[in-house]
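Observations on the model geometry
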Amino acid sequence: MAAHDIPDTPEIRATMEKSQAEGMTALGLSSSVVEPWEDGYRAAAAEDSTFEWWYFDCQFDDGSTLVVTFSNKPHTDPSGPLVPTVLVIRQLPDGTRRHLEPTFAPGDFTASTDTCDVRIGPNTVRGDLTTYDLHLEVEDLVADVTITRAAPSWRPGAGINFFDSARSHYLAWVVPVPYGTVTAAITEAGATTQLTGSAYHDHNWGNHLMGSFLDHWYWGRAHVGDYTIVYVRMTTKGFMGFGEINIPTFYLAKGQTLVTDDLLPLRLVTSGDVPGPGHQTYPTRMEWSWHTDRGSITMTATNPKLIESLDMAVPRHGISKLVHAGEHPMYYDFNADLELDIRLDDLTDHVVGRTLYEKMMFR
């Protein structure tokens, strides 16, 4: 059965505005402006039932990349004990790739609730929305990274989605650095490289197994010309009794100015599906469109290059293993060509570049 897009009607907008206002109150938010404490440890008062991660993605001018995620526990086990991890994915210009993910004792993890200040063993990240400093020591890789924000920090409304009628199961999100510049000194096998480039940082937390309420999602980001873009479409397995629903999220900024983060008009059409690893498929063309009285915005992603695939299967036993026998949860990460066309009443432009995006599949 095809999932339904959320209709863009005055009634739906009023309902969503009310829901977001309730979410703002629940999370202690007072305005649309992101504050430094929002990048602090949001699970501190309920860490026995909440997963949380801080994600950093650096694309360097030499063609290499560095992805770092600080996590308090696996998102596949939100009610489990603290299992702090630091995920480091380092890719060199020649395509050589290292995937490092050491785990640490709970006592090796500390995090502030006032700002982003996280320590997991010798690995640290500190930031205040404007500037972030990371220090990594993972196996033979040592890195010092500084990220400087160059687009407005953002969250979509309250930054929280509830997935049950009791509003107790949720996934929350804030994007402190939609786009920034980065400098880094990375030492590998005794050799140090000085690097510059661009970066992205977001922060997620939740209290329920995501695969229990989500079927899949597409998430992506880009910086093309003067524009920073973050785009998402989550497809539920059944949302508050209404069947499968596509939940969009959209952010477009020009320099330090927000163009729009109105999510309701965003639509996605995919085509050209091809087989991928793990018995899943992915499209070779994504057409995102956004239409309102202001005009239109279209984004077309083509020629995707699969740069990462991860088996996300959760160990199961007994009846649960039989029930989920046909599932193949997978994570795909892509780099693709992007064409952005803006036709608004106060802004017209056409730019091309590259986009990073992912497809996360839960069944």
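For the structure given in this document, a descriptive report is provided here. (Residues numbered from 1 in each chain as written. Predicted model: local features only at pLDDT ≥ 70, side-chain atom pairs only at ≥ 80, totals over all residues. Heavy atoms only, no water.)

1. What to know about the overall build of the chain
The helix and strand tally for the chain stands at 2 helices and 24 strands. The C-alpha atoms of the chain give 20 Å as radius of gyration, which agrees with the globular expectation for 363 residues (21 Å, within 12%). Dimensions along the principal axes, computed over C-alpha positions, put the chain at roughly 55 × 50 × 45 Å. Entry remark: accessible area of the chain is about 15,700 Å², with carbon and sulfur atoms responsible for 54%. (Helix = DSSP H or I, 4+ residues; strand = E, 2+ residues; numbered from the N terminus. Rg over C-alpha atoms; globule rule 2.2 N^0.38 Å. Areas by Shrake-Rupley, 256 points an atom, 1.4 Å probe, with all protein chains shown as cover.)

2. Points about the pattern of salt bridges
Summed over the entire model, instances satisfying the criterion amount to 17 salt bridges. The partner of R285 in a salt bridge is E287, with the nearest N and O atoms 3.3 Å apart. With a relative accessible area of 33%, R285 lands in the partly exposed category. The partner of R354 in a salt bridge is D337, and the shortest N-O contact between them spans 2.4 Å. Taken together, the positions of R354 in strand β24 (residues 347-361) and D337 in strand β23 (residues 330-344) put the pair 17 residues apart, joining distant regions of the chain. When its relative accessible area of 40% is taken as the criterion, R354 is described as partly exposed. Several salt bridges share partner residues, and in doing so they unite D8, R13 and D262 into one network. (Salt bridge = Lys/Arg side-chain N within 4 Å of Asp/Glu carboxyl O. Buried < 20%, exposed > 50% of the residue type's maximum accessible area, 1.4 Å probe, protein only.)

3. Let's talk about the pairing of strand β15 (residues 227-236)
A regular strand places its side chains so that they alternate between the two faces of the sheet. With 10 of 10 residues buried, β15 is to be regarded as a mostly interior element. Of the two faces of β15, the one carrying Y227, I229, Y231, R233 and T235 and the one carrying T228, V230, V232, M234 and T236 are both buried. Judged from the 10 bridges that link them, strand β14 (residues 214-224) and β15 form a sheet pairing that is antiparallel. Note on β15: the bridge partner recorded for R221 is V230. Linkage of β14 to β15, two consecutive antiparallel strands, is achieved through a turn of 2 residues, within which G225 is found at a positive phi near 60 degrees. Summarising the sheet, β15 and strand β16 (residues 245-254) pair through 9 bridges and their orientation is antiparallel. Of the residues in β16, the one forming a bridge with Y231 is F250. (Pairing = 2+ DSSP bridges.)

4. Observations regarding the environment of G211
Relative to the elements of secondary structure, G211 occurs in the loop between β13 (191-206) and β14. Owing to a relative accessible area of 18%, G211 belongs among the buried residues under this scheme. Remark: the alpha-carbon pair of G211 and T76, spanning 135 residues in sequence, is separated by 8.4 Å. Excluding residues within four positions of it along the chain, G211 makes contact with K237 and F362. (Contact = heavy atoms within 4.5 Å.)

5. Quick notes on the nonpolar core
If you look at the biggest cluster of nonpolar residues, it comprises 45 residues, and the most contacted ones within it are F70 and I147. Sorting elements by how many residues they give to this core places strand β12 (residues 170-188) first, with 7 residues. Contacts of I147, omitting those with residues within four sequence positions, involve F56, C58, T130, T131, Y132, L134, V177, T181, V182 and A199. I6, Y55, Y179 and V232 belong to the second largest nonpolar core, which has 32 residues in total. (Core = buried A, V, L, I, M, F, W, Y, C linked by side-chain atoms within 4.5 Å.)

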